[in-house]
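The chain contents come next:
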Amino acid sequence: MPDLNPEAMEFFLNRRSRPAKTLQAPVPTKEELLPILTAAGRTPDHGKLEPWRFIVLQGAAMDRLAELARARGVALGFDEEKITKGAAQFVTGELAVVVVEAQKPSEKVPAIEQTYSAGAVCLALLNAALASGWGANWLSGWPSHDRGFVETGLDLGSDERIAGIIHIGTEKMAPPERPRPNLETLTMWVEA
């Protein structure tokens, strides 16, 4: 007989990300964030390679990255709307954790599995923040995929990339409900 955890299941069945633009101070302290990061680090990781790492952004770092996103957008020839949208998560955010995919050489673990592990860390981090009572949202946006932005702004190596940016804070309003997947159309049952 399985060892049920109805509270955890209830959480997963009802969890909702909070829009990043609705998050405000206060944000977790270092002491409050460490258990959240620890929970995220317990993600499935074939070969125990830890093909990811964290960068915690707060305060002036957010302002610096907003300015860099604007400058990179201009350099890339983007229109003002796209530039503003790329900088917005850093303008409105108070604290964010960047999950950096940092693949490790391995004959046993394919690169795609390391990518999946980094994505799983993002979801685990998001859920750990929500379960801790914070509002949280997983974002990316064009700056996350721009080599100039990630190498200049976050000092990422040429072999690293952003898996996600998890914004964490206090929600100032209840998030709207949204349509959920229709499992009948997405599930195939195979019995033989």
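Before any of the text, the structure's been laid out above.
I will try to describe carefully the structure that is included in this document. Computed from a prediction, not measured in an experiment: that's the story for all the values here.

## Points about the overall build of the protein chain
- Counting its secondary structure elements, the protein chain contains eight helices and five strands.
- Going from N to C terminus, the protein chain has its helices and strands arranged as α-β-α-β-α-α-β-α-β-α-α-β-α.
- Rg of the C-alpha trace for the protein chain: 18 Å, near the compact-globule value of 16 Å for 192 residues, within the 12% margin.
- When contacts within the protein chain are restricted to residue pairs at least 6 apart in sequence, those whose partners lie at least 24 apart make up 83%.
- Side-chain charges in the protein chain split into 20 positive and 25 negative, and the spacing between the mean points of these groups amounts to 2 Å.

## A short note on the pairing of strand β5 (residues 160-171)
- As defined by bridge partners, strand β1 (residues 23-24) adjoins β5 across two bridges and the pair is classed as antiparallel. Counterpart to Leu 23 in the pairing with β5 is Glu 171.
- Where strand β3 (residues 95-102) meets β5, seven bridges bridge the pair, whose relative direction is antiparallel. Within the sheet, the bridge partner assigned to Val 97 lies in β5 and is Ile 166.

## Some thoughts on the layout of surface pockets
- Quantified by volume, the largest pocket comes out at close to 240 Å³.
- As for the largest pocket, its lining consists of 13 residues, of which Lys 85, Gly 86, Ala 88, Gln 89 and Leu 139 are closest to the centre.
- Within the residue set of the lining of the largest pocket, elements represented by two or more residues are α4 (80-92) and α6 (142-145).
- Ranked by residue count, the leading element in the lining of the largest pocket is α4, at six residues.
- Its volume calculated, the second largest pocket comes out at about 200 Å³.

## Details of the nonpolar core
- If you look at the biggest cluster of nonpolar residues, it comprises 20 residues, and the most contacted ones within it are Leu 33, Ile 36, Val 97, Val 99, Leu 125, Ile 166 and Ile 168.
- Broken down by secondary-structure element, the contributors of at least two residues to this core are α2 (30-40), β3, α5 (111-131) and β5.
- Among the elements that line this core, the one with the most residues is α5, at eight residues.
- What Val 97 contacts, discounting residues up to four positions off in sequence, is Leu 33, Leu 37, Phe 54, Ile 55, Val 56, Leu 125, Gly 164, Ile 165, Ile 166 and Ile 168.

## A closer look at the packing of aromatic side chains
- Considering all chains together, one arrives at four aromatic pairs under this definition.
- Measuring from centroid to centroid gives 5.3 Å for Phe 11 and Phe 12, while their planes differ by 70°, and the two rings are edge-to-face.
- Given the relative accessible area of 23%, Phe 11 is considered partly exposed.
- The exposure class of Phe 12 is partly exposed, given its relative accessible area of 47%.
- Taking the centre distance of 4.9 Å and the plane angle of 75° together, the rings of Phe 78 and Trp 142 count as edge-to-face. Here Trp 142 lies in helix α6 and Phe 78 lies in the loop between α3 (60-75) and α4, a separation of 64 residues in the sequence.

The rules we used
Residues numbered from 1 in each chain as written. Predicted model: local features only at pLDDT ≥ 70, side-chain atom pairs only at ≥ 80, totals over all residues. Heavy atoms only, no water. Helix = DSSP H or I, 4+ residues; strand = E, 2+ residues; numbered from the N terminus. Rg over C-alpha atoms; globule rule 2.2 N^0.38 Å. Contact = heavy atoms within 4.5 Å. Lys, Arg positive; Asp, Glu negative; His and termini not counted. Charge placed at Lys NZ, Arg CZ, Asp CG, Glu CD. Pairing = 2+ DSSP bridges. 1 Å grid on protein atoms, 1.4 Å probe; cavity = no way out; pocket = protein on both sides within 12 Å on 5 of 7 lines; lining within 4 Å. Points joined across faces, edges and corners; volume = space filled by probe spheres on them. Core = buried A, V, L, I, M, F, W, Y, C linked by side-chain atoms within 4.5 Å. Buried < 20%, exposed > 50% of the residue type's maximum accessible area, 1.4 Å probe, protein only. Phe/Tyr/Trp six-rings, centres within 6.5 Å; stacked < 30°, edge-to-face > 60°.

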